[in-house]
Structure formats: C-alpha cells, structure tokens
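Spelled out from the first residue to the last, the chains are:
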Amino acid sequence: MQMLNEMLGIEFPFIQGGMANIADAHFAAACSQAGGLGVIATGGIFEAQKLQEQIRLCRTLTDKPFGVNLMLMNPCAEEMARVIAEEKVAVVTTGAGNPGKYIGMWKEAGVKVIPVVAASILARRLEKEGADAIIAEGTESGGHVGEMTTMALVPQVVDSVRIPVIAAGGIADGRQLAAAFMLGACGVQVGTCLLVSKECPIHENYKLALLKAKDSDTVVTGRSVGGPVRALKNKMTRRYLTLEKEGASLEELEKCALGGLRRAVFEGDVETGSLMAGQVAGMLQKIRPVREIFEDLYMGQKKVLEAHRG
Ligand code: TUI
C-alpha cells in the first residue's frame, strides 16, 4: 500500500486538519515545514480574495507542499473553490458537505482532491466522481462532526473504496496512529494535538484549557438543529444544551453560539467562547513545536508496532 507521505511528497503521513480561524498561512506553512501537509482553513474566511492572499503568502513561507481545506457550508465556498483551482494548490481537502460539483475543475487544474466524509456512502460517490483519496473522520474529532466513531468508520470506508483512506478523529499519539494503520488507513489527519503546538496562533487561555481538559470534557452541541459541533465543555456549551433541551428556536441557539469560535481563538474567552476540540484533548500534556509532535507520533507508532510483533 502506498503511504500518504509518498503520495503527497512529504516526510510524515500526516495532514493538518482544517481549523477555522486558526490554520492561517503561517500555521499551515509551519506544519508543512515540520514534515506534514499544512492546510489553510477557510471556515473563517468570507472573501475569496483573502484566501488567494493566504495561498500566496504561504508560498513565500514554505517551499514544501501545502493544501487548502474548503469548508463547504461557507457562503463563499464556490468562489473559494475557483481560487483553489486558479492558484493550482497542491491539495484540497473539504469538510461539512459534498464537494462533488467542484471535483472536475480541481482535477483539471492538477489539484489533488481529498474530501472528508463521515460515512462510507459519500466516500463511494466521491470516488466515482474522481477524488484521489478520502479522509474518514470519526465523531471523536473537534468542530463539526458526524455520528460514527473512527474505529467503526475507517475500516468500512476502506472496504467501500479502492482509493487511499486517511483516518481522522481521536488520533494524538503513537498508539492511535498504529491503530489507524491497522484499520487500513495510509495516513492520518490530526487537529486537536496541534492546537497545543508552539506555532498554533490560538489565545493562551485556549491552550491552557486544553492542557487542563480530561477525557470526558468535550461535548457536542447543535445535534437537534443539524449542526453538531464538538468543543470543550464550558458556560456556553451548558447554556446551549439547556436551550436545545427546552426546544429553543434556531435564532436563540445561533445567538448563543454566534462568534464563539472567534471569541475563543482571538480573545481567549474560555467562558462564552467555542473551544472546539476533539476527545483526545484529555491526552494533551505540554506545549511543544509541531516538529516534536509529529516526531513523537511517528516514533511512538513505530515502537508500538515493533513491540507488538514481539
Ligand atoms: O468540517 C469539519 N469540521 C469543522 S468545519 C468547522 S467551521 C465552523 N463550524 C461551526 C461553527 C463555526 C465554524 C469546524 N469544524 N469536519 C469535516 C467533516 N465533514 N465532518 C463531518 C463532515 C461531513 C458531514 C456530512 C462531510 C460530508 C457530509 O455530507 C453530507 C452530504 O451533503 O452528503
């Protein structure tokens, strides 16, 4: 099986998850420089020209391959899809929807297309439409999530398609990376473990909340309105869940969550902000450079698999 790093021409078989308002050109370049595939997130960009600037800036910061994550629920998704093709970005990953209608345009421009799916039915469809690989993301992840766990999802996607599958959700150390390989993945996408990297531009309060978190400290809000989002438990998530239970209107729910991610990322408001994070938040122990996080993941996996072979 060809590994993700060989497929993309990078050192480690790791893709950085697209983290809205966090993964800008500087962070993506840092992840690419550290040997993974850095990815510019579009969840917090609302002008196609801003994305073009970020892509061009990233090119000045690294000569290694990097990608763009297109958040499909973004109102500017269509224009940004065009920018990704025009700029001939090496790789596009997508999230929160079906990118089918853009695949032809991206392939023509030579962009490698790697959509995120939360179930195998969409993986099969996107393979037929020309996707180069699939990211199977379990509900352990942070941010917008599906229902299936990584453990159940990854092997079922692997059995459903012939293109390479990348595992995501619940991966922060060598044991979990080894497990992802055992499930048939050719690599992994990681997000939460990078939030506590030195290079990650989130507010210090957000990082400290992650370091303090225990295994059961994340929760999913928004299930009742078709917008499930996993984040660290705080005053905002408690209020949101209460409102959901009381059958509050969509308007009230939106008011509760409005601007929450930006408040967490930029202002360090850990009370009313949305501290998006995956279930592995409880495993995060210290702030380290991205390079060290990647090396530990990879070396940890090697050790685990060697010990297992006996
Ligand atoms: O996209 C994500 N995670 C995200 S996007 C995001 S941006 C944001 N979200 C809420 C508030 C503020 C900002 C934060 N986290 N992950 C990839 C992902 N995609 N997870 C699940 C899916 C998915 C779900 C349904 C992919 C396809 C899908 O298909 C439905 C269909 O149309 O067939």
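Keep in mind it's a predicted model, so treat the numbers as computed, not measured. (Residues numbered from 1 in each chain as written. Predicted model: local features only at pLDDT ≥ 70, side-chain atom pairs only at ≥ 80, totals over all residues. Heavy atoms only, no water.)

Engineer: I tried to follow the overall build of the chain on my own but got confused; where do I start?
Structural biologist: Broken down by element type, the chain carries 14 helices and 11 strands. Radius of gyration (C-alpha) of the chain: 18 Å, near the 19 Å computed for a compact globule of 310 residues. Its C-alpha atoms give the chain principal-axis dimensions of about 50 × 50 × 40 Å. The proportion of buried residues among the 310 residues of the chain is 54%. Measuring between centres, the 34 positive side-chain charges of the chain sit 3 Å from its 35 negative side-chain charges. (Helix = DSSP H or I, 4+ residues; strand = E, 2+ residues; numbered from the N terminus. Rg over C-alpha atoms; globule rule 2.2 N^0.38 Å. Buried < 20%, exposed > 50% of the residue type's maximum accessible area, 1.4 Å probe, protein only. Lys, Arg positive; Asp, Glu negative; His and termini not counted. Charge placed at Lys NZ, Arg CZ, Asp CG, Glu CD.)

Engineer: Explain the site of the ligand here, please?
Structural biologist: Lining the immediate environment of the ligand, one finds 14 residues, of which Ala 96, Gly 97, Val 116, Glu 137 and His 144 sit closest. In the environment of the ligand, a nitrogen atom lies 3.0 Å from a nitrogen or oxygen atom belonging to the backbone of Ala 96. Between the ligand and the protein, one listed contact pairs a nitrogen atom with a backbone N or O atom of His 144 at 2.9 Å. Across the complex, the protein chains shield 70% of the 720 Å² of accessible surface that the ligand would expose by itself. (Near = heavy atom within 4 Å. Polar contact = N/O pair within 3.5 Å; in protein donor to acceptor, adjacent residues only side chain to side chain. Areas by Shrake-Rupley, 256 points an atom, 1.4 Å probe, with all protein chains shown as cover.)

Engineer: Looking at this structure, I do not really get the sheet that holds strand β11 (residues 229-232). What am I missing?
Structural biologist: Neighbouring strands of a sheet are bound in pairs by backbone hydrogen bonds; such pairs are parallel or else antiparallel. As summarised here, the arrangement of the three strands in space is β7-β11-β10, forming an open sheet in which the pairing is antiparallel. At either margin of the open sheet sits one strand with a lone partner, and together these are β7 (143-144) and β10 (218-221). Summarising the sheet, β7 and β11 pair through two bridges and their orientation is antiparallel. Bridging from a neighbouring strand, Gly 143 pairs with Arg 230 of β11. (Pairing = 2+ DSSP bridges.)

Engineer: I tried to follow the packing of aromatic side chains on my own but got confused; where do I start?
Structural biologist: Aromatic ring pairs are reported here in terms of the distance separating the ring centres and the angle at which the planes meet. Counted by the stated rule, this structure contains six aromatic pairs. Judged by centre distance (5.5 Å) and plane angle (15°), the rings of Phe 12 and Phe 14 are stacked. No difference in accessibility class separates Phe 12 from Phe 14, as the two residues are buried. An aromatic cluster of three or more residues is present, and its members are Phe 12, Phe 14, Phe 294 and Tyr 298. (Phe/Tyr/Trp six-rings, centres within 6.5 Å; stacked < 30°, edge-to-face > 60°.)

Engineer: Could you clarify how one ought to interpret the nonpolar core in this entry?
Structural biologist: If you look at soluble globular proteins, the nonpolar side chains tend to sit buried side by side. Counting 82 residues, the largest nonpolar core has Leu 51, Leu 70, Ile 84, Trp 106, Leu 194, Tyr 206 and Leu 210 as the members making the most contacts within it. Here this core gets six residues from one element, more than from any other, and that element is helix α4 (residues 77-86). By size, the runner-up hydrophobic cluster in this structure holds 15 residues, among which are Met 7, Val 39, Val 116 and Ile 135. (Core = buried A, V, L, I, M, F, W, Y, C linked by side-chain atoms within 4.5 Å.)

Engineer: Please explain helix α3 (residues 48-61) as it appears in this structure.
Structural biologist: Along an α-helix, residues three or four positions apart point the same way, because every turn accommodates 3.6 residues. Compared with an ideal rise of 1.5 Å per residue, which puts 14 residues at 20 Å, α3 spans 20 Å between its outermost C-alpha atoms and is within 8% of the ideal. Within α3 the residues assigned to the buried category are Ala 48, Leu 51, Ile 55 and Cys 58. Looking straight down α3, one finds that the buried residues subtend no more than 75° of arc, so they occupy a single side. (Expected span 1.5 Å × (residues − 1). Arc of directions from axis to C-beta.)

Engineer: Please clarify how unusual backbone geometry should be interpreted in this entry.
Structural biologist: Backbone geometry follows two general trends: most residues other than glycine have a negative phi, and most peptide bonds adopt the trans configuration. Backbone geometry at Asn 21 places phi at a positive 70°, although glycine is not the residue there. Here Asn 21 is to be found in the loop between β1 (14-16) and α2 (25-33). Positive phi values are uncommon outside glycine, yet Lys 88 reaches one of about 50°. Among the secondary structure elements, Lys 88 is positioned in the loop between α4 and β4 (91-95).

Engineer: Any chance you could explain the side chain of Thr 93 here in plain terms?
Structural biologist: Examined against the element boundaries, Thr 93 turns out to sit in strand β4. Thr 93 gets classed as buried once you look at its relative accessible area, which sits at 1%. For Thr 93, the side chain forms a polar contact with the side chain of Asn 69, separated by 2.9 Å. Not counting chain neighbours up to four residues away, the residues in contact with Thr 93 comprise Ile 15, Val 39, Val 68, Asn 69, Leu 70, Ile 114 and Ile 135. (Contact = heavy atoms within 4.5 Å.)

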